[in-house]
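# Architecture at a glance
One-letter residues, chain by chain:
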Amino acid sequence: MQVAILGGGASGLMAAVTAAEGGHAVTVFERQARVGRKLLATGNGRCNLSNMQPLAGRYHGQRPDFARPALDAFGAQAARGFFRGLGLLTVEEPSGRVYPFSDQAGSVVDVLRFAAEARGAVLRTGEEVLSLRRSGEDFLVETAAERLPFERVLVCCGGLAGGKLGGTKSGYELLASLGHSRTALFPALVQLKTPPEKVRALKGVRADARVRVEKAGETLAESAGEVQFTEYGLSGPAVFEVSRAACAAGEGVTARLDLLRGVSAQELEALLAARCRDFPLLTGENLLTGLLHNRLGRVALREAGFPLERPLADFNPRALARVAGVVKDFVLPVTGNLGFENAQVTAGGVSTDEFRPETLESRLVPGLYAAGEVLDVDGDCGGFNLQWAWASGRLAGRLL
Ligand SMILES: Cc1cc2nc3c(=O)[nH]c(=O)nc-3n(C[C@H](O)[C@H](O)[C@H](O)COP(=O)(O)OP(=O)(O)OC[C@H]3O[C@@H](n4cnc5c(N)ncnc54)[C@H](O)[C@@H]3O)c2cc1C
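Below or above, wherever it landed, is the structure these notes cover. It should be emphasised that the depicted structure is a prediction, and the values quoted were computed from it without experimental measurement. (Residues numbered from 1 in each chain as written. Predicted model: local features only at pLDDT ≥ 70, side-chain atom pairs only at ≥ 80, totals over all residues. Heavy atoms only, no water.)

## Quick word on the overall build of the chain
Short version of the rule: Secondary structure elements are taken from DSSP: a helix is a run of H or I of four residues or more, a strand is a run of E of two residues or more, and numbering for both begins at the N terminus. Whether a residue is buried, partly exposed or exposed follows from its accessible area with a 1.4 Å probe, protein chains only, as a fraction of its type maximum: under 20%, in between, or over 50%, in that order. Whether two residues touch is decided by their heavy atoms; if any such pair falls within 4.5 Å, the residues are in contact. Positive charges come from Lys and Arg alone, negative charges from Asp and Glu alone, with His and the N- and C-terminal ends not counted. The location of each charge is read from NZ of Lys, CZ of Arg, CG of Asp or CD of Glu.
Secondary structure assignment for the chain yields 13 helices and 22 strands. By principal-axis analysis of the C-alpha atoms, the chain measures approximately 85 × 40 × 35 Å. Out of the 400 residues in the chain, the part that is buried amounts to 54%. Partitioning the intrachain contacts of the chain with sequence separation of at least 6 by distance along the chain shows that 72% fall at a separation of at least 24. Across the chain, the mean location of the 45 positive side-chain charges is 2 Å away from that of the 44 negative side-chain charges.

As structure tokens, then:
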């Protein structure tokens, strides 16, 4: 069959290899000058391509179960086996994250490209699909240069996240033109903004913290790990992990950080009391020295309402409890996020009610398939989004 794949990103390349393996005549249309441009930027250029932790519960959207059949058929182990078959070795880190052994995202793109082309797929780069129409039994795929007929079309155009790397609305629009609806879109796996005056002094500081986001006293999400302070707010893996829930909740969200998660409030108070007893002539500036990054310690002290110059001899147990309270529960209002431009994934997408989970074929338009981020499926931080791109590209590419 003549098959058009719209988008030469993660899911599109996987679908191309699969459909070409199935003996189909595959043409991939990619609007950018090269395929896999976003893939090159993943995992800070290392490409966190999957995760060996159980996949259940890691995906979101209006119907999180929609992703199950694709992921059951092609999980992390299968993805690693597939890449091994293409000559790409992978390694698992203790967290379960999987990376190419080469540590280069470029090698993931390369092996997919080699495999697609070796199986006869034609990669038409620099060609954006502008419209998609039904014409009898066929589809007409239109670019600026021509209009071509195909028997099957796979929409693998990705989502809005990572604008500079190719994030676009195009896939949603092409599917809408054939009658598909979509859910609301919002950025996920994204940096959170907080009042700048609260964090400016902390720019560049990293902490191993527990992060909880809440609204009206209700916990929306929790995570622990690296938090990075930036001039606009919070970044880092632990923040990314709670960002989806924070963005989905809209206004009135608060981030609460436990900056010393390995030490209880009582233990911390005892440590601070010992510091004051042993070094009464030091000042508040050094109360938290050795416990937190110096700058974080100073900000926490100010947040507790104490001047840096105050002698440690003047801190009574109540004052120390207040400082410990701030360290264990550093509160930052969330005022926004850094948007799709900086997000790693789009939450929301084309309605999964309109696609069959066992095949990824449209229920509305037979012969039309979709895979990857364009669908209303998004995963947690840690390789889960690429795992979905592989699994869904693999399933759609089988053209069942
Ligand atoms: C900075 C960054 C880092 C990330 N790191 C990770 C990570 O380490 N691990 C992980 O699991 N996930 C990561 N992600 C998310 C992951 O990259 C995406 O979820 C995944 O690439 C989605 O695959 P896709 O095939 O749906 O879309 P994409 O890979 O975005 O591919 C879609 C392609 O379609 C093309 N296209 C769009 N419209 C058209 C059109 N009309 N005509 C022709 N071509 C079109 C686009 O140019 C693009 O190349 C990261 C994302 C970003 C932005």
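## Here we look at the sheet that holds strand β9 (residues 138-142)
Our working definition: We call two strands paired when DSSP finds no fewer than two bridges between them. Axis lines are fitted through C-alpha atoms, for helices just across the contact stretch, and the angle between N-to-C directions can take any value from 0 to 180 degrees.
Taken together, the three strands give an open sheet; going across it, the order is β8-β9-β10, and neighbouring strands pair in antiparallel fashion. Sheet topology places β8 (131-135) and β10 (147-150) at the edges, where each strand pairs with a single neighbour. With strand direction ignored, the average angle separating the axes of adjacent strands in the sheet is 25 degrees. Where β8 and β9 come together, five bridges link them in antiparallel fashion. Bridge pairing in β9 places L132 opposite V141.

## Looking at the pattern of salt bridges
We count it as follows: Only one rule defines a salt bridge in this text: a Lys or Arg side-chain nitrogen within 4 Å of an Asp or Glu carboxyl oxygen.
Summed over the entire model, instances satisfying the criterion amount to 27 salt bridges. With its nearest N and O atoms 2.4 Å apart, the salt bridge here joins E146 to R124. With E146 in the loop between β9 and β10 and R124 in strand β7 (residues 122-125), this pair connects stretches of sequence that are 22 residues apart. One salt bridge connects E285 with R298, and the closest N-O pair in it is separated by 3.5 Å. Of the two residues, E285 is situated in the loop between α9 (265-278) and α10 (294-303) and R298 in helix α10; the sequence distance between them amounts to 13 residues. Of the residues examined, R298 reaches a relative accessible area of 24% and is grouped as partly exposed.

## Some remarks on the layout of surface pockets
As a reminder, the rule being used: Cavity: a set of points on a 1 Å grid over the protein atoms alone where a 1.4 Å probe fits but cannot get out. Pocket: an open set with protein on both sides within 12 Å along at least five of seven lines, its lining residues, like those of a cavity, having an atom within 4 Å of a point. Grid points are joined across faces, edges and corners, and a volume is the space filled by probe spheres set on the points. Under this grouping Gly is polar, as are all residues other than the nonpolar Ala, Val, Leu, Ile, Met, Phe, Trp, Tyr, Cys and Pro and the charged Asp, Glu, Lys and Arg.
When its volume is computed, the second largest pocket comes out at roughly 160 Å³. Taken together, the residues that form the lining of the second largest pocket break down as six nonpolar, one polar and four charged.

## Overview of the packing of helix α4 (residues 76-85) against helix α13 (residues 384-397)
Test applied: The cut-offs work like this: below 35 degrees is roughly parallel, past 145 is roughly antiparallel, 65 to 115 is roughly perpendicular, and the gaps in between are oblique.
Packing of α4 against α13 leaves a shortest axis separation of 10 Å and a crossing angle of 75 degrees. Taken together, the axes of α4 and α13 lie roughly perpendicular to each other. Within the contact between the two elements, α4 uses A76, A79, F82 and F83 and α13 uses Q387, W390 and R394. Broken down by class, the residue content of the contact of α4 with α13 amounts to five nonpolar, one polar and one charged.

## Side note on the nonpolar core
Applicable threshold: Take the buried residues of types Ala, Val, Leu, Ile, Met, Phe, Trp, Tyr and Cys, join any two whose side-chain atoms come within 4.5 Å, and each joined set is a nonpolar core.
Of all hydrophobic cores here, the largest spans 78 residues; its most connected members are L6, F83, L112, L132, V153 and W390. In contact with V153, not counting residues within four places along its chain, are A4, L6, L132, F139, V141, G367, L368 and Y369. Of all hydrophobic cores here, the second largest spans 57 residues; its members include A188, L189, V263 and V327.

## Some remarks on the environment of K215
Rules: Polar contacts, as counted here, are pairs of nitrogen or oxygen atoms within 3.5 Å of one another; within protein the pair requires one atom able to donate a hydrogen and one able to accept it, and residues that are adjacent in sequence qualify only if both atoms are side-chain atoms.
With respect to the helices, strands and loops of the structure, K215 is situated in strand β14 (residues 206-215). C-alpha separation for the pair K215 and E251, spaced 36 residues apart in sequence, amounts to 8.5 Å. Residue contacts for K215: discarding those within four places in its chain leaves L220, A249, G250, E251, G252 and V253. There is a polar contact of 2.6 Å between the side chain of K215 and the backbone oxygen of A249.

## A word on the environment of G162
Among the structural elements, G162 can be located in the loop between β11 (152-155) and α6 (170-177). Residues G162 and V26 lie 136 residues apart in sequence; the distance between their C-alpha atoms is 27 Å. Ignoring sequence-local partners within four residues, the contact set of G162 consists of K38, G167, F340, E341 and A343.

## Looking at the sheet that holds strand β3 (residues 50-51)
Read from one edge of the open sheet, three strands run β3-β6-β5, paired in antiparallel fashion. In the strand order of this sheet, the two ends are held by β3 and β5 (90-92), each with one partner. When β5 meets strand β6 (residues 97-100), the two strands line up antiparallel, connected through three bridges. If you follow E92 over to β6, its bridge partner there is V98. The sheet strands contacting α4 are β3, β5 and β6, and the helix crosses β5 at an angle near 150 degrees.

## Some thoughts on unusual backbone geometry
Its identity is not glycine, yet N44 carries a phi of approximately 55 degrees, on the positive side. Examined against the element boundaries, N44 turns out to sit in the loop between α2 (37-41) and β3. A positive phi angle is found at L399, which is not glycine, with a value near 55 degrees. Its location among the elements puts L399 in the segment after α13.

## Concerning the site of the ligand
The criterion, for reference: When we say a residue is near a molecule or strand, we mean one of its heavy atoms is within 4 Å of it. All accessible areas in this document rest on Shrake-Rupley with a 1.4 Å probe, and a residue is counted as covered only by the protein chains that are shown.
Around the ligand, the structure places 34 residues, and the nearest of them are S11, E30, S170, E373 and L386. Between an oxygen atom of the ligand and a main-chain N or O atom of E373, the distance comes to 2.8 Å. Interatomic distance of 3.4 Å between a backbone N/O atom of G383 and an oxygen atom of the ligand. Here the ligand has 1000 Å² of accessible area as a free molecule, and 95% of this is covered by the chains. Here the shell around the ligand takes four residues from α13, the largest share from any one element. Looking at the shell around the ligand residue by residue, the class counts come to 12 nonpolar, 16 polar and six charged.

## Some words on the pairing of β9
The loop that links β8 with its antiparallel partner β9 comprises two residues; one of these, G136, has a positive phi angle of about 65 degrees. Hairpin connection, β9 to β10: the antiparallel pair is bridged by four residues.

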